[in-house]
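Descriptive analysis of the structure
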Number of protein chains: 2
Amino acid sequence: MNHRATELLGSVHLRQTEPRLAILRTLLKTDTLLTQEQIAEQIGPDAPNKTTIYRTLTQLLDKNLVHQAYLDDRTSHFELAHHCGERQCHPHFTCVHCKQTHCLTGISTQLVELPKGFSVQRQQIHIDGVCPNCQTMNKTKEIERV
Amino acid sequence: MNHRATELLGSVHLRQTEPRLAILRTLLKTDTLLTQEQIAEQIGPDAPNKTTIYRTLTQLLDKNLVHQAYLDDRTSHFELAHHCGERQCHPHFTCVHCKQTHCLTGISTQLVELPKGFSVQRQQIHIDGVCPNCQTMNKTKEIERV
DNA sequence: CACTATTTGCAACTAAGTTGCAAATAGTAC
DNA sequence: GTACTATTTGCAACTTAGTTGCAAATAGTG
Ligand SMILES: [Zn+2]
Ligand SMILES: [Zn+2]
Ligand SMILES: [Zn+2]
Ligand SMILES: [Zn+2]
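Residues numbered from 1 in each chain as written. Chains lettered and ligands numbered in written order. Predicted model: local features only at pLDDT ≥ 70, side-chain atom pairs only at ≥ 80, totals over all residues. Heavy atoms only, no water.

Considering the nonpolar core
As a rule of thumb, soluble globular proteins bury nonpolar side chains together. In plain terms, the rule: By nonpolar core is meant a set of buried Ala, Val, Leu, Ile, Met, Phe, Trp, Tyr and Cys residues that side-chain atoms within 4.5 Å join together. Residue exposure (1.4 Å probe, protein chains only): buried if accessible area is under 20% of the type maximum, exposed if over 50%, otherwise partly exposed. Working definition: helices are DSSP H or I runs of at least four residues, strands are E runs of at least two. Numbering for both runs from the N terminus. Contacts were defined at the residue level, with two residues in contact if any of their heavy atoms lie within 4.5 Å.
The biggest cluster of nonpolar side chains holds 26 residues, and the ones touching the most others in it are Phe 93, Leu 114 and Ile 127 of chain A together with Phe 93, Leu 114 and Ile 127 of chain B. Mapped by element, the contributors of at least two residues to this core are β3 (92-95) and β5 (119-130) of chain A together with β3 (92-95) and β5 (119-130) of chain B. Aside from chain neighbours lying at most four places away, what touches Phe 93 of chain A is Gln 100, Thr 101, His 102, Leu 104, Ile 127, Asp 128, Gly 129, Val 130 and Cys 131 of chain A together with Leu 114, Phe 118 and Ser 119 of chain B.

Right, dumping it as structure tokens:
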């Protein structure tokens, strides 16, 4: 992981600093979106300052190593761009019950057919619903009530 | 418009108050998403307090008369739900150049096929790109440069 | 007209994200 | 290794969308 982080930084000609490596390692480890706060938590007590985290994420966004998603809670979520297509991110699913967001990386989706004159740079799909976990929990509760 | 606003409020059993009517009239008049601030602007000097606007929008969201979209700027955008399907809003297109968002109400889209166990409540598609207006403006500039 | 539950406006607050600046450090040249 | 400089970092102060508590105003009802 550490090596991959170094590699990624190198590939976009950014200096190899500990804060940047720690942030990249954290993003490499996870399979979902993370907020600035979650990144800091996961790095632990020696996490970089929040300003540094935001600045680093902005740089990685500019280099297109990282993507940003706006879900339903007014805070930005970030992830590595390596599971996204050229003009389309993988879809995201947010459970209205447990509020968890899942990256649907295995799923193929179509680009929307746009009217003449519009050109696409990135398409993002966001789905709200109930996740498998909460679905079965609800069923269990129903059975218990009977 | 005024009549339609009254009708809408009645249909969800909310009291007919001037702030609520003004907000609904504004949403009825427009063909795009609006922020709290834009709603206040459009109503003018007698616009309701921002607290009232947010509270009203939340009530209308609960009654499913209004939908909320999170685009790329950390502020919520609102619109009437009347151009949305049962489980899917119309797609939104944001121009990276002029920052304007367009409601693509005429376009048909598919629901993503979810893995077993996930159930959909609402699918939203958001596209970033260049709008027809900015596209032709760029072409014109190129020609001028030659 | 009177009554009450609901709604509104205001001021103070919360929290995500940004900015300016001085101190620290990565990469480079010797 | 040491010195140098451009870049990066941390901190504190700030900005701003959205929320909360509460007292005053008002829609609907009889
Ligand atoms: Zn869930
Ligand atoms: Zn994802
Ligand atoms: Zn445009
Ligand atoms: Zn729309």
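Back to the text.
What about the packing of aromatic side chains?
Filter applied, for reference: Only the six-membered ring of Trp is used, alongside the rings of Phe and Tyr, when aromatic pairs are assigned; centres must lie within 6.5 Å, and planes under 30 degrees apart are stacked while those over 60 apart are edge-to-face, with the rest tilted.
Summed over the entire model, instances satisfying the criterion amount to 2 aromatic pairs over all chains. Plain terms: the ring middles of Phe 93 of chain A and Phe 118 of chain B are 4.7 Å apart, the flat faces sit at 75° to each other, and that makes the pair edge-to-face. Of this pair, Phe 93 of chain A sits in strand β3 while Phe 118 of chain B sits in the loop between β4 (101-103) and β5, each in a different chain. Residue classification places Phe 118 of chain B among the buried positions, given a relative accessible area of 17%.

Let's talk about the protein's contact with DNA strand C
Applicable threshold: The near set for a molecule or strand comprises every residue that places at least one heavy atom within 4 Å of it. A 3.5 Å cut-off defines polar contacts: any pair of N or O atoms within that distance qualifies, except that in protein one atom must be a possible hydrogen donor and the other a possible acceptor, and neighbouring residues in sequence count only when both atoms are side-chain atoms.
Lining the immediate surroundings of DNA strand C are 21 residues, of which Tyr 54 and Ser 76 of chain A together with Thr 17, Arg 20 and Thr 52 of chain B lie closest. Near the protein, meaning within 4 Å, the atoms of DNA strand C are sugar or phosphate in a fraction of 61%, with bases accounting for the rest. The separation between a base oxygen of DNA strand C and a polar side-chain atom of Thr 51 of chain A is 3.3 Å. Every element with two or more residues in the surface near DNA strand C is listed here: α4 (50-62) of chain A together with α2 (18-29) and α4 (50-62) of chain B. By residue number, the principal contributor to the surface near DNA strand C is α4 of chain A, which donates 4 residues.

Quick look at the protein's contact with DNA strand D
Definition in use: For this classification, Asp, Glu, Lys and Arg are treated as charged, while Ala, Val, Leu, Ile, Met, Phe, Trp, Tyr, Cys and Pro are nonpolar and the rest, including Gly, are polar.
For DNA strand D, the set of nearby residues contains 20 residues, the closest of which are Thr 17, Arg 20 and Thr 52 of chain A together with Tyr 54 and Ser 76 of chain B. A share of 62% of the atoms of DNA strand D within 4 Å of the protein falls on sugar and phosphate groups. One of the side-chain N or O atoms of Thr 52 of chain A is found 2.6 Å from a phosphate oxygen in DNA strand D. Per element, the largest residue contribution to the surface near DNA strand D is 4 residues, and it comes from α4 of chain B. Class assignment of the residues belonging to the surface near DNA strand D gives a composition of 3 nonpolar, 9 polar and 8 charged.

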